[in-house]
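# Per-entry structural report
Listed below, chain by chain, are the residues.
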Amino acid sequence: MANTGKLIVITGPMFAGKTTKLLSEIQKAHKSKKKVILFKSAIDNRYSDVDVVSHNGARFPAVTLPDGAEGIKALYEAAENYDVIGIDEGHFWDDTKGLADTLNKLAFKSKSIYVAMLNRKSDGTSFNLSKELLPFADHVQFINAKCARCAKDATFTQRVTPYRTVNGEISYVGGKEDYEARCRNCFTPPPKA
Ligand code: ADP
Ligand code: MG
Ligand code: ZN
């Protein structure tokens, strides 16, 4: 049987519309009677513990996965029973290599996989998942946001509040009050922690 799998990466800075795009693909597949499952990381509980919610308020129920190998295993086992798999905020997963390998494997099993993830960190450096996942993608959609300062195309995510400490570690999770989209000209790297 022909392999109909595909791995689509939706990337860009915060407020670009990545989650909105992911939810629209998931909802389209759902309406066309495909078996759809959406995953989110346990780290991301900004708006809801059970749904994926975009900044413009769209939402869809999601399965929350734990960190590490346990979460990857659960994802693989659950995904077996679905046609279309969505993952929001892919960069939150800590086992990036495990996630990339697993999604690649699922694409070879005729699954359609959509991963929304940030293009880079708020300090301007890269995420491991980008390096590990992009080579496996069939299609990469880069979405710009609008710079909060000058309204030009934004590709940077700017932290505008001090990072908070959770259980002794810096937490990067934050929402509208903590981050802005900025263009290269308006972006300022944060001070070293
Ligand atoms: P992403 O997942 O890329 O962060 P979302 O899909 O959740 O983005 O949300 C994008 C939407 O957020 C835009 O269509 C717009 O309506 C809204 N938005 C854009 N900029 C801001 C902002 N600075 N604060 C709040 N909402 C914003
Ligand atoms: Mg999002
Ligand atoms: Zn700007």
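Here the structure is a predicted model, which is why all the values come from computation and not from measurement.

This brings us to helix 1 (residues 18-31). Over its 14 residues, helix 1 runs 20 Å from end to end, which matches the ideal 20 Å to within 8%, given 1.5 Å per residue. In the stretch just after helix 1, lysine 33 is the one whose phi turns positive, near 70 degrees.

Now for the coordination of the zinc ion (ligand 3). At 2.3 to 2.4 Å from the zinc ion (ligand 3) lie its protein donor atoms, namely Cys147 (SG), Cys150 (SG), Cys183 (SG) and Cys186 (SG). Viewed at the metal, the four donor atoms of the zinc ion (ligand 3) are separated by angles of 100 to 117 degrees, and the geometry they form is tetrahedral. Mapping the donors of the zinc ion (ligand 3) onto the primary sequence gives the spacing C-x2-C-x32-C-x2-C. Of this pair, cysteine 150 sits in the loop between strand 9 (145-146) and strand 10 (153-154) while cysteine 186 is found in the segment after strand 14 (179-182), placing the two residues 36 residues apart along the sequence. Taking relative accessible area as the criterion, cysteine 186 reaches 16% and is therefore assigned buried.

At a minimum axis distance of 10 Å, the contact between helix 2 (residues 68-79) and helix 3 (residues 96-107) shows a crossing angle of 10 degrees. It follows from the interaxial angle that helix 2 and helix 3 lie roughly parallel. Here Ile72, Leu75, Tyr76 and Ala79 of helix 2 lie close against helix 3, whose contacting residues are Gly98, Leu99, Thr102, Leu103, Lys105 and Leu106. Classifying every residue of the contact of helix 2 with helix 3 by side-chain character gives seven nonpolar, two polar and one charged.

Moving on to the environment of alanine 2. Turning to its location among the elements, alanine 2 is positioned in the segment before strand 1 (6-12). Here alanine 2 falls in the exposed class, since its relative accessible area comes to 58%. Remark: the alpha-carbon pair of alanine 2 and lysine 109, spanning 107 residues in sequence, is separated by 10.0 Å.

Now for the site of ligand 1. Around ligand 1, the structure places Pro13, Met14, Phe15, Ala16, Gly17, Lys18, Thr19, Thr20, Ser54, His55, Asn56 and Lys176. Here an oxygen atom of ligand 1 sits 2.7 Å away from a polar atom, N or O, in the side chain of lysine 18. Backbone polar atom of histidine 55 to an oxygen atom of ligand 1: 2.6 Å apart, as the coordinates give it. Protein chains shield 69% of the accessible area of ligand 1, which is 580 Å² for the free molecule. Of the residues in the shell around ligand 1, the class split is four nonpolar, six polar and two charged.

Strand order in the open sheet formed by six strands is 5-2-6-7-1-8, with parallel pairing between adjacent strands. Edge positions in the sheet fall to strand 5 (63-65) and strand 8 (139-142), since each of these pairs with one other strand and no more. Ignoring which end each strand starts from, the neighbouring axes of this sheet average 20 degrees apart. Relative to strand 7 (residues 112-118), strand 6 (residues 84-87) runs parallel, the two being bridged by four bridges. Note on strand 7: the bridge partner recorded for isoleucine 87 is valine 115.

Right, let's get into the packing of aromatic side chains. Any two aromatic rings considered together are summarised by their centre-to-centre distance and by the angle between their planes. By the definition in use, this model includes two aromatic pairs. Here the aromatic rings of phenylalanine 156 and phenylalanine 187 are separated by 4.5 Å at their centres, their planes lie at 25 degrees, and the arrangement is stacked. Separated by 31 residues along the polypeptide, phenylalanine 156 in strand 11 (residues 156-159) and phenylalanine 187 in the segment after strand 14 bring together distant segments of the chain. Each member of the pair, phenylalanine 156 together with phenylalanine 187, is buried.

Conventions used here
- Residues numbered from 1 in each chain as written.
- Chains lettered and ligands numbered in written order.
- Predicted model: local features only at pLDDT ≥ 70, side-chain atom pairs only at ≥ 80, totals over all residues.
- Heavy atoms only, no water.
- Helix = DSSP H or I, 4+ residues; strand = E, 2+ residues; numbered from the N terminus.
- Expected span 1.5 Å × (residues − 1).
- Donors = N, O, S within 2.8 Å, 3.2 Å for Na, K, Ca; no water.
- Tetrahedral: all angles 85-135°; square planar, octahedral: opposite > 155°, others 65-115°.
- Buried < 20%, exposed > 50% of the residue type's maximum accessible area, 1.4 Å probe, protein only.
- Axes fitted to C-alpha atoms, helices over the stretch in contact; angles between N-to-C directions.
- Parallel < 35°, antiparallel > 145°, perpendicular 65-115°, else oblique.
- Contact = heavy atoms within 4.5 Å.
- Nonpolar A, V, L, I, M, F, W, Y, C, P; charged D, E, K, R; others polar.
- Near = heavy atom within 4 Å.
- Polar contact = N/O pair within 3.5 Å; in protein donor to acceptor, adjacent residues only side chain to side chain.
- Areas by Shrake-Rupley, 256 points an atom, 1.4 Å probe, with all protein chains shown as cover.
- Pairing = 2+ DSSP bridges.
- Phe/Tyr/Trp six-rings, centres within 6.5 Å; stacked < 30°, edge-to-face > 60°.

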